[in-house]
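Below, each chain spelled out in residue letters.
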Amino acid sequence: MDKLISNDVKTEELVLNMGPQHPSTHGVLRLVVELEGELIVNVKPYIGYLHRCFEKHCEAMTYPQVVPYTDRMDYLASMSNNLGYAIAVERLMGIEVPERVEYIRVIMAELQRIASHLVALGTYGVDIGAFTPFLYCFIAREKILNLFEMTCGARLLYNYIWVGGLSHDIHPDFVRLTKEFIEYFKPKIVELNELLSFNKIFIERTANVGILPLETAVNYGVTGPVLRASGLKWDLRKNDPYSIYHKFDFDIPVGDGRMGTVGDSWDRYFVRVREMEESLKIIEQAIDQIPDGDVKAAIPRRIKPPKGTIYSRTENPKGELGYFIISDGSVNPFRVKVRAPSFVNLAVIGEMSKGHLVADLIAILGSLDIVLGEIDR
Amino acid sequence: MGLLDREFSDGNIVIAKTEDLLNWARLSSLWQLSFGLACCAIEMMATSASHYDFDRFGVIPRPSPRQADIIIISGTVTLKMATRIKRLYEQMPDPKYIISMGSCSNCGGPYWEHGYHVLKGVDRVIPVDVYVPGCPPRPEALLEGLIKLQEKIRHETLRKKTA
């Protein structure tokens, strides 16, 4: 990088505003970039343009009424948000949910992980300058959304996983269509790899860009694919199993620096691609074993947890999603605090982009896969 | 629409009112400001993508408000964002149109009652042409909203509006 500027020419430091309306900030994020010529000295994210008062709402709502608001936090992974909240309240109340519910929940969460990663990969391509993979990713994503719509009637915000159960049972055709989707989607990953992952131009733009060393990642509390790309095998589905994830056999992909250095943008991208394969594996194992039962059997008539607190965490597509709930023994939660993965992951951007060209900032930001609804809440 | 009906036999001359011609040109190439706010922006992206294909209505995303004809307010408008949206709107050249997509930008939606930081409807800061209901609206609903806007543009007149 030092070769790019000659040291005897001193330029003035320039402050550049990126956003809140910028096509590559994935929402309404404002980045204040300090530049020395074309090199980035510092990046400061300014957030709060989508603060929708989630925690205030929770104080006024009853426990089941909070579920739709969890949908709207990470709106690319609504099912996973519902799941995290439902598990937290169930642990607080000591509810055992039926086996059938657990299986359906896992299948939904993994389908949602694929859908969320597809958006991340497709829009990452658009950020770099490749528009076609975006269209391909959205074809596959629509198929997943059709499965969800068939189950609960909504395309994006589902309100499907309730405390103690599910809002609807699955459609009789769901199992068959999910199997069809798995068969359809396996070759699509290969296609995506040929189209984008191993594309020379794409590798040039992303390999060795925005390297996140493992130590920095751990110090900042980064989780999810961003942490795993830096080389640590840390996945709550294995390390702190919830629901029935201990029953399934799957790998945790980590970044290996195949195209450059461990923890660069390409690694973060490719970890997501390989996670989709692992999610397919889990769905394949689960789809044949769904036991019979009533999905609404364990839903309590009145959700009124005893006094107490709980912190429960699940592995969202973006990272570790934690819910901290204080119950005062009434029907309304006293407080619901969310540990949002995107919020923590975004904090590391200043550290990652120092010394890079300003054009690389887009590649770095896109590889973090942030969702503003979750950052601002 | 009457524009291509009055065509002479050799096909080289078309007679039309200037109004009709301008309206026809405007409604067939509505360039959209690629600007997303929240959940609805994902449905807007899905509308632009393969299955629903916004392009066939002449809607092409433009990153700059200076090149845009239409802004789709797709998501929750917070108080902090409202001033920015107003500025974006003011930066767009005339004629400009607004589609308010989803309950949040129509009226505050699920954040109406307790959302201390949510603007209760984007029409409090900028004039809206078409409201699309839903939380979030399906892509089909957004397409319907766009067709409604095109109908509105088709009946526009060049005569000065009496205030």
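Notes on the structure follow. Per-chain numbering applies: the sequence of each chain, read as written, is numbered from 1 onward. Chains and ligands are labelled by the order in which they are written, letters from A for the one and numbers from 1 for the other. In keeping with the predicted nature of the model, local features appear solely for residues at pLDDT of at least 70, side-chain atom pairs appear and are counted solely at 80 or more, and the whole-chain, interface and lining totals rest on all residues. Only hydrogens and water are set aside when side-chain values are computed; all heavy atoms of the structure are taken into account.

**A few points about the overall build of chain B**
Argument step 1. Counting from the N terminus, the helices are the DSSP runs of H or I reaching at least four residues and the strands are the DSSP runs of E reaching at least two. Counting its secondary structure elements, chain B contains 5 helices and 5 strands.
Argument step 2. Counting from the amino terminus, chain B carries its helices and strands in the arrangement α-β-α-β-β-α-β-α-β-α.
Argument step 3. The C-alpha extent of chain B, read off along each of the three principal axes, is 65 × 40 × 25 Å.
Argument step 4. Across the 163 residues of chain B, 46% fall into the buried class.
Argument step 5. Looking at chain B alone, contacts between residues at least 24 apart form 75% of all its contacts between residues at least 6 apart.
Argument step 6. Note that His is not counted, nor are the chain ends; the positive residues are Lys and Arg, and the negative ones are Asp and Glu. Where a charge lies is defined by one atom per residue type, namely NZ (Lys), CZ (Arg), CG (Asp) and CD (Glu). Across chain B, 20 positive and 18 negative side-chain charges occur, with their mean positions spaced 9 Å apart. Only protein chains enter the accessibility calculation, which uses a 1.4 Å probe; a residue is then buried when its area is under 20% of its type maximum, exposed when over 50%, and partly exposed in between. Contacts between residues were defined by any pair of non-hydrogen atoms, one from each residue, lying within 4.5 Å.

**Observations regarding the pairing of strand 7 (residues 320-327) of chain A**
Residue and element names in this part refer to chain A.
Argument step 1. The element strand 7 is extensively covered by neighbouring structure, given that 6 of its 8 residues are classed as buried.
Argument step 2. Being paired, for any two strands, means DSSP has found at least two bridges between them. Relative to strand 7, strand 6 (residues 308-315) runs antiparallel, the two sharing 8 bridges. Note that in strand 7 the partner of Thr 309 across the bridge is Ile 326.
Argument step 3. Here strand 6 folds back onto strand 7, and the loop between the two strands holds 4 residues, one of which, Gly 319, carries a positive phi near 150°.
Argument step 4. Pairing geometry for strand 7 and strand 8 (residues 335-339), over 5 bridges, is antiparallel.

**A closer look at a nonpolar patch on the surface**
All names here are of chain A.
Argument step 1. A cluster of nonpolar side chains, namely Leu 214, Val 218 and Leu 232, defines an oily patch on the protein surface of about 210 Å² accessible area.
Argument step 2. Looking at the element boundaries, Leu 214 is found in helix 8 (residues 214-220).
Argument step 3. For Leu 214, a relative accessible area of 33% translates into the label partly exposed. Exposure above 30% relative accessible area and no salt bridge define the residues that can form patches, which grow by joining like charges within 9 Å and nonpolar side chains of Val, Leu, Ile, Met, Phe, Trp and Tyr within 5 Å. Surface accessibility in these figures is a Shrake-Rupley result with a 1.4 Å probe; residues are shielded only by whichever protein chains are displayed. Salt bridge, as used here: a side-chain nitrogen of Lys or Arg that lies within 4 Å of a carboxyl oxygen of Asp or Glu.

**Regarding helix 2 (residues 39-48) of chain B**
Argument step 1. Counting buried residues along helix 2 of chain B, 8 of its 10 residues qualify, which places the element largely inside the surrounding structure.
Argument step 2. Those residues of helix 2 of chain B lying buried are B:Cys39, B:Cys40, B:Ala41, B:Ile42, B:Glu43, B:Met44, B:Ala46 and B:Thr47.
Argument step 3. Buried residues belonging to helix 2 of chain B abut helix 5 (132-152) of chain A together with strand 1 (31-33), strand 3 (70-74), strand 4 (97-101) and helix 5 (139-154) of chain B.

**Remarks on unusual backbone geometry**
Argument step 1. Residue B:Pro95 is reached from B:Asp94 by a cis peptide bond, and omega for that bond is -5°.
Argument step 2. As for its position among the elements, B:Pro95 is in the loop between helix 3 (79-91) and strand 4.
Argument step 3. For the peptide bond that leads from B:Cys135 to B:Pro136, omega is -10°, which places it in the cis range.
Argument step 4. On the secondary structure map, B:Pro136 appears in the loop between strand 5 (130-132) and helix 5.
Argument step 5. The phi torsion at A:Ser243 lies on the positive side, around 50°, for a residue other than glycine.
Argument step 6. Its identity is not glycine, yet B:Asp53 carries a phi of approximately 55°, on the positive side.
Argument step 7. Position of B:Asp53 relative to the elements: it lies in the loop between helix 2 and strand 2 (60-62).

**Remarks on the side chain of A:His57**
Argument step 1. Along the chain, A:His57 turns up in helix 1 (residues 54-60).
Argument step 2. A relative accessible area of 1% means that A:His57 is categorised as buried.
Argument step 3. Setting aside residues no more than four positions away along its own chain, A:His57 makes contact with A:Arg52, A:Tyr69, B:Pro110, B:Tyr111, B:His114 and B:Gly115.

**Remarks on the interface of chain A and chain B**
Argument step 1. Listed per partner, the contact involves 32 residues of chain A and 34 residues of chain B.
Argument step 2. Taken together, both faces of the contact between chain A and chain B bury some 3100 Å²; the carbon and sulfur share is 65%.
Argument step 3. On the surface where chain A and chain B come into contact, there are 2 salt bridges.
Argument step 4. A salt bridge links A:Arg155 to B:Glu43; the shortest N-O distance between them is 2.8 Å.
Argument step 5. Think of a polar contact as two N or O atoms within 3.5 Å of one another; within protein, one of them needs to be a possible hydrogen donor and the other a possible acceptor, and neighboring residues in sequence only count if both atoms come from side chains. Summed over the shared surface of chain A and chain B, the number is 11 residue pairs in polar contact (both at pLDDT 80 or more).
Argument step 6. Those elements giving two or more residues to the side of chain A that touches chain B turn out to be helix 1, helix 4 (99-128) and helix 5 of chain A.
Argument step 7. No other element matches the 7 residues that helix 5 of chain A contributes to the side of chain A that touches chain B.
Argument step 8. Basically, the charged four are Asp, Glu, Lys and Arg, the nonpolar ten are Ala, Val, Leu, Ile, Met, Phe, Trp, Tyr, Cys and Pro, and anything else, Gly included, counts as polar. For the side of chain A that touches chain B, a count of residues per class yields 19 nonpolar, 6 polar and 7 charged. Summed over both partners, buried area is the accessible surface (1.4 Å probe) that two parts give up on being assembled.

**Examining the sheet that holds strand 8 of chain A**
Residues and elements named next belong to chain A.
Argument step 1. The sheet built from 3 strands is open, its strands ordered 6-7-8 with antiparallel pairing. The two strands at the open ends of the sheet, each matched to only one other strand, are strand 6 and strand 8. Taking the axes of each pair of neighbouring strands and ignoring which way they run, one obtains an average angle of 15° across the sheet. Axis definition: a line fit to C-alpha positions, over the contact stretch in the case of helices; interaxial angles, taken between N-to-C directions, run 0 to 180 degrees.

**Brief notes about the packing of aromatic side chains**
All names here are of chain A.
Argument step 1. Any two rings among Phe, Tyr and Trp, with Trp reduced to its six-membered ring, count as a pair given centres within 6.5 Å; such a pair is stacked if its planes are under 30 degrees apart, edge-to-face if over 60, and tilted if neither. Across all of its chains, the model carries 16 aromatic pairs over all chains by this definition.
Argument step 2. By definition, being over a ring means that NZ of Lys or CZ of Arg is both within 6 Å of the ring centre and within 35 degrees of the ring normal. Geometry around Tyr 46 places Arg 30 over its ring, the cationic atom sitting 5.0 Å from the centre.
Argument step 3. Between Lys 238 and the ring centre of Phe 250, over which it is positioned, the NZ or CZ distance is 4.4 Å.

**Describing the pattern of salt bridges**
Residue and element names in this part refer to chain A.
Argument step 1. Scanning the entire structure with this criterion turns up 34 salt bridges over all chains.
Argument step 2. Among the ionic pairs, Lys 318 bridges to Asp 74, the shortest N-O distance being 3.5 Å. Taken together, the positions of Lys 318 in the loop between strand 6 and strand 7 and Asp 74 in the loop between helix 2 (63-71) and helix 3 (78-93) put the pair 244 residues apart, joining distant regions of the chain.
Argument step 3. A salt bridge links Glu 191 to Lys 188; the nearest nitrogen and oxygen atoms lie 3.8 Å apart. Taken together, the positions of Glu 191 and Lys 188, both in helix 6 (residues 174-197) and 3 residues apart, correspond to about one turn of that helix.
Argument step 4. On the basis of relative accessibility, which here comes to 29%, the residue Lys 188 falls in the partly exposed class.
Argument step 5. Several salt bridges converge on common partners, so that one network encompasses Glu 110, Arg 113, Arg 228, Asp 235, Arg 237, Glu 275 and Glu 315.

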